[in-house]
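# Survey of secondary and tertiary structure
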Amino acid sequence: MNFKRKNIKKQQCEAIVGPQCGNAVLRGAHVYAPGIVSASKFMKAGDVISVYSDIKGKCKKGAKEFDGTKVFLGNGISELSRKEIFSGLPALKGMGIRMTEPVYLSPSFDNVLPRYLFLQNLPSAVVTHVLNPQPGEKILDLCAAPGGKTTHIAALMHDQGEVIALDKIFNKVEKIKQNALLLGLNSIRAFCFDGTKAIKLDMVDTEGEPPFLPETFDRILLDAPCSGMGQRPNMACTWSLKEVASYQPLQRKLFTVAVQLLKPGGVLVYSTCTITLAENEEQVAWALTKFPCLQLQPQKPQIGGEGMRGAGLSCEQLKQLQRFDPSAVPLPDTDIDSLRETRREDMLQLANKDSIGFFIAKFVKSKST
């Protein structure tokens, strides 16, 4: 939420952090030493520091000053001196600056009740409810890392059934396993495997490991790799047209595999954390033409807006989609004092608008294919 502090006095002593570190600070994090790119010449431990994000990545490591494009993130107390940060010794991993006056009042939830809570954005939680997994079913999370939706699926099933999670990056798969263990979820099995190759071609059962035989799963979540243009906060725009265009073919490969792996009568939910027409509504239009066995379905809960025009979908079909697009809704800055006057209904409406960009489509595979 956009709860902004006002009238923070900027300090002469400055530190510059990279855009990813800047994103974390906006979410409530402190500044850790590896994220500091530049610091004022005489900065020492205990100094009050103004922290800025270098949103274009132009600041040189170890610089003593920086006049490029930067965004003010707030003030904090330095835990280390400039000399300690840029000593040339193996990279420091501890806290570099403890944020005391961040621009946005966003408390950190890192390691808060880790066995009971898993923090997710609103649309990420909605998509799993749209999938509506049931106890005893066999569910596939085709592109599962980092596992927030995987663990949510298992929780909604009361940990009864089987949840298969695939991702092709080993460290991310290990993170899924750690989260499942931490939350005490025994129904999750995570594999390091390329989802585009998850369909078994020789019809020999591999005893529950990928690749899988056709029509194996009751429900499939395809939270596809995408351009990520809906991610917030984001301190830098680094997308190229070539990079954005590269996602559509990959999404279609994964979608084709998902349709083959889905049982007749099964549910397929396709989602992205981006706002482009090409990765969202155009993919739905393509899928409905490519796979006559698929029917678009209404979603519950329906919190986001309807789909975007331009992909040839009917008005009725657009209403069955769910799009969260904060760029389409102008939001005023909200300070902490104004929130005391806000009605609960207005707060809910603001929460639904002030979310990450996200897209959800739900399909059912007909029983006569």
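Residues numbered from 1 in each chain as written. Predicted model: local features only at pLDDT ≥ 70, side-chain atom pairs only at ≥ 80, totals over all residues. Heavy atoms only, no water.

## A short note on the overall build of the chain
This is how it is decided: Numbering of helices and strands runs from the N terminus, with a helix taken as a DSSP run of H or I at least four residues long and a strand as a DSSP run of E at least two residues long. Any pair of residues with heavy atoms lying within 4.5 Å of one another is described as a contacting pair. Note on areas: these come from Shrake-Rupley sampling with a 1.4 Å probe, and a residue is covered only by the protein chains present in the view.
In terms of helices and strands, the chain carries 11 helices and 14 strands. Once local pairs closer than 6 in sequence are excluded, the contacts in the chain between residues at least 24 apart make up 75%. Accessible surface for the chain amounts to roughly 19100 Å². Of this, 53% is attributable to carbon and sulfur atoms.

## Digging into the nonpolar core
The condition is simple: Residues belong to one nonpolar core when they are buried, are Ala, Val, Leu, Ile, Met, Phe, Trp, Tyr or Cys, and are joined through side-chain atoms within 4.5 Å. Burial status follows relative accessibility: with a 1.4 Å probe on protein chains alone, a residue under 20% of its type maximum counts as buried, one over 50% as exposed, and anything between as partly exposed.
Counting residues in hydrophobic clusters, the biggest one holds 36 residues, and the most contacted among them are Leu142, Leu222, Phe255, Leu261, Leu268 and Phe363. For this core, the secondary-structure elements that each account for two or more residues are β8 (162-167), β10 (217-223), α7 (247-261), β11 (262-272), α8 (281-290), β12 (294-296) and β14 (358-365). Examining the composition of this core, we find that six residues originate from one element, α7, more than from any other. Setting aside residues no more than four positions away along its own chain, Phe363 makes contact with Phe255, Gly266, Val267, Leu268, Tyr270, Val284, Ala287, Leu288, Leu294, Gln295, Leu296 and Gln297.

## Details of the UniProt feature "active site" (unreviewed entry) in the chain
This is how the line gets drawn: UniProt positions are given in the numbering used here, feature names are shortened, and annotations may be inferred rather than shown by experiment.
The feature "active site" (unreviewed entry), as given by UniProt, occupies Cys273 in the numbering adopted here. Aside from chain neighbours lying at most four places away, what touches Cys273 is Cys226, Gly228, Met229, Gly230, Gln231, Gly357 and Phe358.

## Observations concerning the environment of Leu261
Examined against the element boundaries, Leu261 turns out to sit in helix α7. Residue class for Leu261 comes out buried when judged on its relative accessible area of 0%. A C-alpha to C-alpha distance of 8.3 Å links Leu261 and Ile220, two positions 41 residues apart in sequence. For Leu261, the residues in contact, after removing those within four places along its chain, are Leu140, Ala198, Ile199, Phe212, Leu213, Glu215, Thr216, Phe217 and Ile220.

## Structural notes on the packing of α7 against α8
Operational definition: Note on method: axes are straight lines fitted to C-alpha atoms, helices fitted across the in-contact stretch only, with angles between N-to-C directions ranging 0 to 180 degrees. Should an angle lie under 35 degrees it is considered roughly parallel, over 145 roughly antiparallel, and from 65 to 115 roughly perpendicular; all remaining angles are considered oblique. In this scheme the crossing of two helices becomes right-handed for a clockwise turn of the near helix relative to the far one and left-handed for an anticlockwise turn of less than a right angle. Amino acid classes used here: Ala, Val, Leu, Ile, Met, Phe, Trp, Tyr, Cys and Pro are nonpolar; Asp, Glu, Lys and Arg are charged; the rest, including Gly, are polar.
At a minimum axis separation of 11 Å, α7 and α8 run at an interaxial angle of 40 degrees. For the element pair α7 / α8, the angle class is oblique. For the pair α7 and α8, the crossing hand works out as right-handed. Each of Gln248, Gln251, Arg252, Phe255 and Thr256 in α7 lies in contact with α8, whose residues at this interface are Glu282, Gln283, Trp286 and Ala287. Its residues assigned to classes, the contact of α7 with α8 shows three nonpolar, four polar and two charged.

## Some points on unusual backbone geometry
Across the junction of Ala145 and Pro146, the peptide omega takes the value 5 degrees, indicating a cis bond. Residue Pro210 is joined to Pro211 through a cis peptide bond whose omega torsion reads 0 degrees. Considering the arrangement of structural elements, one finds Pro211 in the loop between β9 (188-192) and β10. We note that Asn132 has phi near 55 degrees; this positive angle belongs to a residue other than glycine. Inspection of the secondary structure assignment puts Asn132 in the loop between α3 (122-131) and β7 (138-141). A positive phi angle, near 55 degrees, is found at Glu215, a position not held by glycine. In this structure, Glu215 sits in the loop between β9 and β10.

## Some words on the pattern of salt bridges
In a structure, side chains of opposite charge can pair up when their charged atoms sit close to one another. The condition that has to hold: Here a salt bridge means any side-chain nitrogen of Lys or Arg lying within 4 Å of a carboxyl oxygen belonging to Asp or Glu.
One pass over the full model with this rule turns up 11 salt bridges. For Lys177, the salt bridge goes to Glu174, with nearest N and O atoms at 3.6 Å. Placement of the pair is Lys177 and Glu174 together in helix α5 (residues 170-182), with a separation of three residues, close to one helical turn. Classification of Glu174 as partly exposed rests on a relative accessible area of 26%. Among the salt bridges present, the one from Asp218 reaches Lys263, with a minimum N-O distance of 3.2 Å. Of the two residues, Asp218 sits in strand β10 while Lys263 sits in strand β11, which places them 45 residues apart along the sequence. Residues joined by salt bridges that share partners form a network here, namely Lys138, Glu162 and Arg189.

## As for the packing of aromatic side chains
Note the cut-off: Two rings belonging to Phe, Tyr or Trp (six-membered ring only in the last case) form a pair when the distance between their centres is within 6.5 Å. Interplanar angles under 30 degrees mark stacking, angles over 60 mark edge-to-face geometry, and anything in between is tilted.
In the structure shown here, the tally under the stated rule is seven aromatic pairs. Taken together, a centroid distance of 5.4 Å and an interplanar angle of 55 degrees make the contact between Tyr52 and Phe72 tilted. Of this pair, Tyr52 sits in strand β4 (residues 48-54) while Phe72 sits in strand β5 (residues 70-78), and the two are 20 residues apart along the sequence. Here Tyr52 falls in the buried class, since its relative accessible area comes to 7%. Taking 5.5 Å as the distance between ring centres and 90 degrees as the angle between the ring planes, the aromatic pair formed by Phe255 and Phe363 counts as edge-to-face. Taken together, the residues span a long stretch of sequence, with Phe255 in helix α7 and Phe363 in strand β14 at a distance of 108 residues. Residues Phe255 and Phe363 agree in their burial class; the two are buried.

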